[in-house]
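Okay, here's what each chain looks like letter by letter:
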Amino acid sequence: MAAIEWEDAFCGEGASCYRIGVDGEDNSYIALSGHEDTYLTDTREALRQLIRDIKAGKADHLLAE
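Residues numbered from 1 in each chain as written. Predicted model: local features only at pLDDT ≥ 70, side-chain atom pairs only at ≥ 80, totals over all residues. Heavy atoms only, no water.

Before going further, it helps to spend a moment on the state of the cysteines. A full pass over the atoms with the stated rule returns 1 disulfide. In this model, Cys11 is linked to Cys17 through a disulfide, with the two sulfur atoms separated by 1.9 Å. On the S-S bond that ties Cys11 to Cys17, the torsion sits near 115°, and the link is right-handed. (Disulfide = S-S within 2.5 Å.)

And the structure:
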């Protein structure tokens, strides 16, 4: 298994922080900061599509109060 290169954490105010990482084998990872040994993994293309969809507003309903 290739080493995971983690990005700096994405944090909300008073919330848990998420970290996103990739490896040299075209895999992507999402984990809570401080718990990088327990992660969700998929392909790098799946991560690209997730980011595209979030930017397009397809997850906005999850932020509604």
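Read on for the rest.
Our focus in this paragraph is the packing of aromatic side chains. Remark: the centre distance and the inter-plane angle together describe each pair of aromatic rings, the angle taken between the planes. For the coordinates displayed, the defined rule picks out 2 aromatic pairs. Note on Tyr29 and Tyr39: the rings are 4.8 Å apart at their centroids and 90° apart in plane angle, and the pair reads as edge-to-face. Of the two residues, Tyr29 sits in strand E4 (residues 27-32) while Tyr39 sits in the loop between E4 and strand E5 (40-43), which places them 10 residues apart along the sequence. Of the residues examined, Tyr39 reaches a relative accessible area of 31% and is grouped as partly exposed. Among the aromatic residues, ring-to-ring pairing joins Trp6, Tyr29 and Tyr39 into one connected group. (Phe/Tyr/Trp six-rings, centres within 6.5 Å; stacked < 30°, edge-to-face > 60°. Helix = DSSP H or I, 4+ residues; strand = E, 2+ residues; numbered from the N terminus. Buried < 20%, exposed > 50% of the residue type's maximum accessible area, 1.4 Å probe, protein only.)

Backbone geometry places Asp26, a non-glycine residue, at a positive phi of 70°. Considering the arrangement of structural elements, one finds Asp26 in the loop between strand E3 (17-22) and E4. Taking relative accessible area as the criterion, Asp26 reaches 43% and is therefore assigned partly exposed.

Relative to the helices and strands, Glu36 resides in the loop between E4 and E5. From its side chain, Glu36 meets the backbone nitrogen of Gly34 in a polar contact 3.1 Å long. For Glu36, the contacting residues outside a window of four places in its chain are Trp6, Arg19 and Ala31. (Polar contact = N/O pair within 3.5 Å; in protein donor to acceptor, adjacent residues only side chain to side chain. Contact = heavy atoms within 4.5 Å.)

With that settled, the discussion passes to the pattern of salt bridges. Summed over all chains, the structure comprises 5 salt bridges. A salt bridge links Asp26 to Arg44; the nearest nitrogen and oxygen atoms lie 3.9 Å apart. Separated by 18 residues along the polypeptide, Asp26 in the loop between E3 and E4 and Arg44 in helix H1 (residues 44-55) bring together distant segments of the chain. In this structure, Glu45 and Arg48 form a salt bridge, with 3.3 Å as the shortest nitrogen-oxygen distance. Within this pair, Glu45 and its partner Arg48 are both found in helix H1, separated by 3 residues, close to a single helical turn. Relative accessible area serves as the criterion here: at 38%, Glu45 is assigned to the partly exposed category. Using a relative accessible area of 38% as the deciding quantity, one classes Arg48 as partly exposed. Residues joined by salt bridges that share partners form a network here, namely Glu45, Arg48 and Arg52. (Salt bridge = Lys/Arg side-chain N within 4 Å of Asp/Glu carboxyl O.)

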